[in-house]
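An overview of the molecular structure
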Amino acid sequence: MNRRRSPTVRRRRLGVELRRYREAAGVTIDVVAERLGCSTSKISRIETGHTTASPPDVSAMLAIYGVDPDISGELVEISRDARKKGWWHPFSTVLNSTYVGFEAEARSIQAYEQQVIPGLLQSEQYAMALIRSARWDDTDQEIAQRVRVRMERQSLLIQDDPIDLWVVLDEAVVSRPVGGDAVMRDQLRHLVETAGLPNVTLQILPFAVGAHAAMDGAFAILDFPSDGDPALVFAENAAGGLFLEKDDELRKFREVFGTIRAAALDPEASIEMIEKLAEEPLWKSRRRASEST
């Protein structure tokens, strides 16, 4: 399966195009819903990419808008692609399939994390420990599925058309021994190894920086190879996360990432720091300090 063609991205692109042609034709959602014999909410969800439109519905909508048959045919074909199942579909009950769907076709991701190693950079044992702690009420089978899909996602870094990944990690991320000493040391070594890939850049934002531009929380900026697929931001929150697409929102997060990237250690110094932490972890020295008080 070609993992770099995502039905999630196709669905989003189709919705954007359908809305653009509807507005250009001066047709309201109410009129479209009446002509198709459906609810206005269905049309709205199609245009926002939350619902996949069937090829007959797409053809009927474009006919209402008076769209050229050649263009109509291309969009109908996109609607067929949008209805295909992504490789992650069997795991949809245990993951944010929308984010994974966007991630699958992204050209590049710029991300900031303040608590945990990003999924694309996690070792299997770290992922297992993290998920067991965060999803304490999951069954063993659900935990195994979550770990498996997280490992599957990492193929994006090493396939023929790899994603470009630039991550800034708060120092807290590499200072917390998730899974215990051995698991975390292995995770740190895994970070060093993965950062050696030509398409991966890793920086550490040290505690010494103090307050910084990304204090509000973790986020990821996803850019796509096609001009027809505008960039978006995934901002994490207590409910899971929020997708942001407005120009001013994107501009803000790009500025924030640029600011923390400039404040962070450079990639070489970051790797050197992680290598030292794998040998002399901060949690070891802090334990000694706490025991002496």
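All of these numbers come straight from a predicted model, not from anything done at the bench.

Across its full length, the protein carries twelve helices and six strands. Principal axes of the C-alpha set define a box for the protein whose edges measure 75 × 40 × 35 Å. Counted over contacts in the protein with a minimum sequence separation of 6, partners at least 24 positions apart contribute 76%. Total accessible area on the protein is roughly 14,900 Å²; 49% of this is exposed by carbon and sulfur atoms. Positive and negative side-chain charges in the protein, numbering 37 and 45 respectively, have mean positions lying 3 Å apart.

We now examine the nonpolar core. The biggest cluster of nonpolar side chains holds 41 residues, and the ones touching the most others in it are Ile-109, Leu-121, Leu-169, Leu-188, Leu-191, Leu-202 and Leu-222. Grouped together as the second largest cluster of nonpolar side chains are 18 residues, Leu-18, Val-32, Ile-43 and Val-76 included.

Spatial ordering of the open sheet is given by E3-E2-E1-E4-E5-E6, a layout of six strands whose pairing is mixed. Strands with a single pairing partner mark the edges of an open sheet, and in this sheet they are strand E3 (200-205) and strand E6 (242-244). Averaged over all neighbouring strand pairs, the angle between strand axes comes to 15 degrees, with direction disregarded. Examined bridge by bridge, strand E2 (residues 164-170) and E3 share six bridges and lie parallel to one another. Within E3, the residue paired with Asp-170 across the bridge is Leu-205. Sheet strands touched by helix H10 (residues 247-263): strand E1 (108-113), E2, E3, strand E4 (219-223), strand E5 (232-235) and E6. Its angle to E4, the strand with the most contacts, is close to 115 degrees.

Listed under "domain: HTH cro/C1-type" (unreviewed entry) in the UniProt record, and renumbered for this structure, are residues 18-72. Along residues 18-72, the helical share is 71% and the strand share 0%, with 10 Å between the first and last C-alpha atoms.

Looking now at the packing of aromatic side chains. Per the stated rule, a full pass over the model turns up seven aromatic pairs. An angle of 40 degrees between the planes, with centres 6.2 Å apart, marks the rings of Tyr-112 and Phe-219 as tilted. Residue Tyr-112 is located in strand E1, and its partner Phe-219 is located in strand E4; the two are separated by 107 residues in the primary sequence. Residue classification places Tyr-112 among the buried residues on the basis of a relative accessible area of 0%. Here a set of aromatic residues connected by ring pairs shows up, and it is made of Tyr-99, Phe-102, Phe-224, Phe-234 and Phe-243.

Here is what the cut-offs are and how they apply
- Going along each chain's sequence as written, the residues are numbered from 1 onward.
- Reporting of local features is limited, given that this is a predicted model, to residues whose pLDDT is at least 70; pairs of side-chain atoms are given and counted only at 80 or more, and all residues count toward the totals for whole chains, interfaces and linings.
- No hydrogens and no water enter the side-chain calculation; it runs on all heavy atoms of the structure.
- A run of DSSP states H or I qualifies as a helix once it reaches four residues; a run of E qualifies as a strand once it reaches two. Both are numbered from the N-terminal end.
- Contacts between residues were defined by any pair of non-hydrogen atoms, one from each residue, lying within 4.5 Å.
- Accessible surface is estimated by sampling points in the Shrake-Rupley manner with a 1.4 Å probe; for residues, cover comes only from the protein chains shown.
- In this tally, Asp and Glu contribute negative charge and Lys and Arg positive charge; neither His nor the terminal groups of the chain are included.
- Here the site of a charge means atom NZ of a Lys, CZ of an Arg, CG of an Asp or CD of a Glu.
- Grouping buried Ala, Val, Leu, Ile, Met, Phe, Trp, Tyr and Cys residues that are joined through side-chain atoms within 4.5 Å yields what is termed a nonpolar core.
- For each residue, the accessible area found with a 1.4 Å probe, counting protein chains only, is set against the maximum for its type, and the residue is called buried under 20%, exposed over 50%, and partly exposed in between.
- DSSP bridges decide pairing: two strands pair if at least two such bridges lie between them.
- A fitted line through C-alpha atoms serves as each axis, taken over the contacting stretch for helices, and the angle formed by two N-to-C directions is quoted from 0 to 180°.
- UniProt positions are given in the numbering used here, feature names are shortened, and annotations may be inferred rather than shown by experiment.
- Put simply, two rings from Phe, Tyr or Trp (the six-membered ring, in Trp's case) pair if the centres are within 6.5 Å, and we call them stacked under 30 degrees between planes, edge-to-face over 60, tilted for the rest.

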